[in-house]
Amino acid sequence: MENLVVVRGGGDLATGTIYKLVKSGFNVLVLETSNPSAIRINVSFCQAVYDGYKQVEDMECVLCSSIEQAQDVMKQRKVAMMIDEQGTCIKQLKPEIVVDAILAKKNLGTTKDMAPFTIGLGPGFEAGVDVDCVIETKRGHNLGRVIYQGCAIENTGIPGVIQGYGKERVIHSPCEGIVHTHNKITDIVKKGDVIAHVNDTPVLASMDGLLRGMIHDGYYVTKGFKMADIDPRIDEYNNCFTISDKARCIAGGVLEAILHYRSMQ
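Predicted model, so just to flag it, every value in this text is computed and none were measured. (Residues numbered from 1 in each chain as written. Predicted model: local features only at pLDDT ≥ 70, side-chain atom pairs only at ≥ 80, totals over all residues. Heavy atoms only, no water.)

### Quick word on the overall build of the chain
Within the chain, the secondary structure is distributed over five helices and 17 strands. Computed over its C-alpha atoms, the radius of gyration of the chain comes to 18 Å, within 12% of the 18 Å expected for a compact globule of 265 residues. Its C-alpha atoms give the chain principal-axis dimensions of roughly 55 × 40 × 30 Å. Expressed as a percentage of its 265 residues, the buried residues of the chain come to 51%. (Helix = DSSP H or I, 4+ residues; strand = E, 2+ residues; numbered from the N terminus. Rg over C-alpha atoms; globule rule 2.2 N^0.38 Å. Buried < 20%, exposed > 50% of the residue type's maximum accessible area, 1.4 Å probe, protein only.)

### Overview of the nonpolar core
In this structure, I18, L21, V99, I119 and L121 are the most contacted members of the largest nonpolar core, which totals 39 residues. Element by element, the count of residues in this core is highest for helix α5 (residues 245-263), at seven residues. If we skip the residues at most four places from it in the chain, L121 touches T17, V99, D100, A101, L103, I135, T137, I250 and V254. With 23 residues, the next largest nonpolar core counts I41, V189, L210 and L211 among its residues. (Core = buried A, V, L, I, M, F, W, Y, C linked by side-chain atoms within 4.5 Å. Contact = heavy atoms within 4.5 Å.)

### Overview of the layout of surface pockets
Of the volumes computed, that of the second largest pocket is approximately 150 Å³. Taken together, G87, T88, I90, K91, K94, T111, D113 and M114 make up the full set of residues lining the second largest pocket. Considered class by class, the residues forming the lining of the second largest pocket number two nonpolar, three polar and three charged. (1 Å grid on protein atoms, 1.4 Å probe; cavity = no way out; pocket = protein on both sides within 12 Å on 5 of 7 lines; lining within 4 Å. Points joined across faces, edges and corners; volume = space filled by probe spheres on them. Nonpolar A, V, L, I, M, F, W, Y, C, P; charged D, E, K, R; others polar.)

### Looking at the pattern of salt bridges
According to the stated counting rule, one finds ten salt bridges in the structure shown. Close ionic contact of E60 with K78 constitutes a salt bridge, the shortest N to O distance being 3.9 Å. Taken as a pair, E60 in strand β4 (residues 59-63) and K78 in the loop between α3 (67-75) and β5 (79-83) lie far apart in primary sequence, 18 residues in all. (Salt bridge = Lys/Arg side-chain N within 4 Å of Asp/Glu carboxyl O.)

### Section: the side chain of E136
Positionally, E136 belongs in the loop between β8 (133-135) and β9 (146-147). Notably, E136 is buried but unbridged: the nearest opposite-charge side chain belongs to K138, and the N-O separation is 7.3 Å. Reaching out from E136, the side chain makes a polar contact with the backbone nitrogen of I153 at a distance of 2.9 Å. Every residue in contact with E136, bar those within four places of it in the chain, is listed here: N142, L143, G144, R145, I147, A152, I153 and I250. (Lys, Arg positive; Asp, Glu negative; His and termini not counted. Polar contact = N/O pair within 3.5 Å; in protein donor to acceptor, adjacent residues only side chain to side chain.)

### Side note on the pairing of strand β3 (residues 53-56)
Burial along β3 is one-sided: K54 and V56 are buried, and none of Y53 and Q55, which face the opposite way, are. The pairing of β3 with β4 spans four bridges and is antiparallel. Looking across to β4, one finds that K54 is bridged to C61. Count of turn residues in the β3/β4 antiparallel hairpin: two residues, of which E57 carries a positive phi of about 55°. (Pairing = 2+ DSSP bridges.)

### As for the environment of F26
Mapped onto the fold, F26 is located in the loop between α1 (12-23) and β2 (27-32). When its relative accessible area of 3% is taken as the criterion, F26 is described as buried. With near-sequence residues (within four places) excluded, F26 lies in contact with N3, V5, L21, R77, I97, L255, I258 and R262.

### Looking at α1
Between the first and last C-alpha of α1 there are 17 Å, a value that for twelve residues agrees with the 16 Å anticipated at 1.5 Å per step. With nine of twelve residues buried, α1 is to be regarded as a mostly interior element. What α1 keeps buried is the set L13, A14, T15, G16, T17, I18, Y19, L21 and V22. Directly after α1, the chain includes G25, whose backbone phi takes a positive value near 100°. (Expected span 1.5 Å × (residues − 1).)

### Let's talk about the packing of α1 against α5
Between α1 and α5, the shortest axis-to-axis distance is 8 Å and the interhelical angle comes to 50°. With respect to α5, the axis of α1 lies oblique. Where α1 crosses over α5, the handedness of that crossing is right-handed. Mapping the contact onto sequence places D12, L13, G16, T17, Y19, K20 and L21 in α1 and K246, A247, R248, I250, A251, G252, V254, L255 and I258 in α5. (Axes fitted to C-alpha atoms, helices over the stretch in contact; angles between N-to-C directions. Parallel < 35°, antiparallel > 145°, perpendicular 65-115°, else oblique. Left-handed = near helix turned anticlockwise from the far one by under 90°.)

### A short note on the environment of I102
Note on placement: I102 falls in the loop between β6 (97-100) and β7 (117-121). The spatial distance from the C-alpha of I102 to the C-alpha of G122 is 9.2 Å, given a sequence separation of 20 residues. Among all residues touching I102, those that are not within four sequence positions of it are R8, G9 and L108.

Printed below as a string of structure tokens:
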């Protein structure tokens, strides 16, 4: 298939890239795990793994069981998704471009020989070694910048600050177990509210605000696993349903890199 891009990962930042590429005329196949862990599930195509279908803004993503079905879906200008954590179908498909958008802060197996042009998002990749280029994913002056030599800024583990709140915005699992959610994304919560349980252990809202992210109900987490986030701006309801500025900026870097690669051919 012409203009084929395989994107590994379908979380919220990956979804920004996927959306941009499809709108720019590319056919996009997303490869996911059987148990995605995104928390901004309203704007993550990976939710199709659980539901079979996911729409983000005006774009549809369909979970496919075969390459043939995926090709049919892409011909309809939709996003095709397959469960293929190791990327085993890449050799068969021979895409022009592979984008690793897993955002695992480390390389989970992407190599330069997967495609004529390979891109890694964020830390964990070295441009010119395991991918052709890296896109900076840390907020700040260089967000979305294309790196052709070297690496992205290392992960600090500190969330971006919104209205003076940083690490307080993110909620981590208090223990290992199965998540049972009580609130949904867009709910207004107060500090101390029980928003979920992990097994029998309550998970408390860390601050007042808008629940912007919540991991899929029934997900099995380890202690300390990121499972929810809160936005102090309670009037930002619509942001729960739209691709973020950060995701769109990263997507711009990906498209820039692809167009530069093509101009050099």
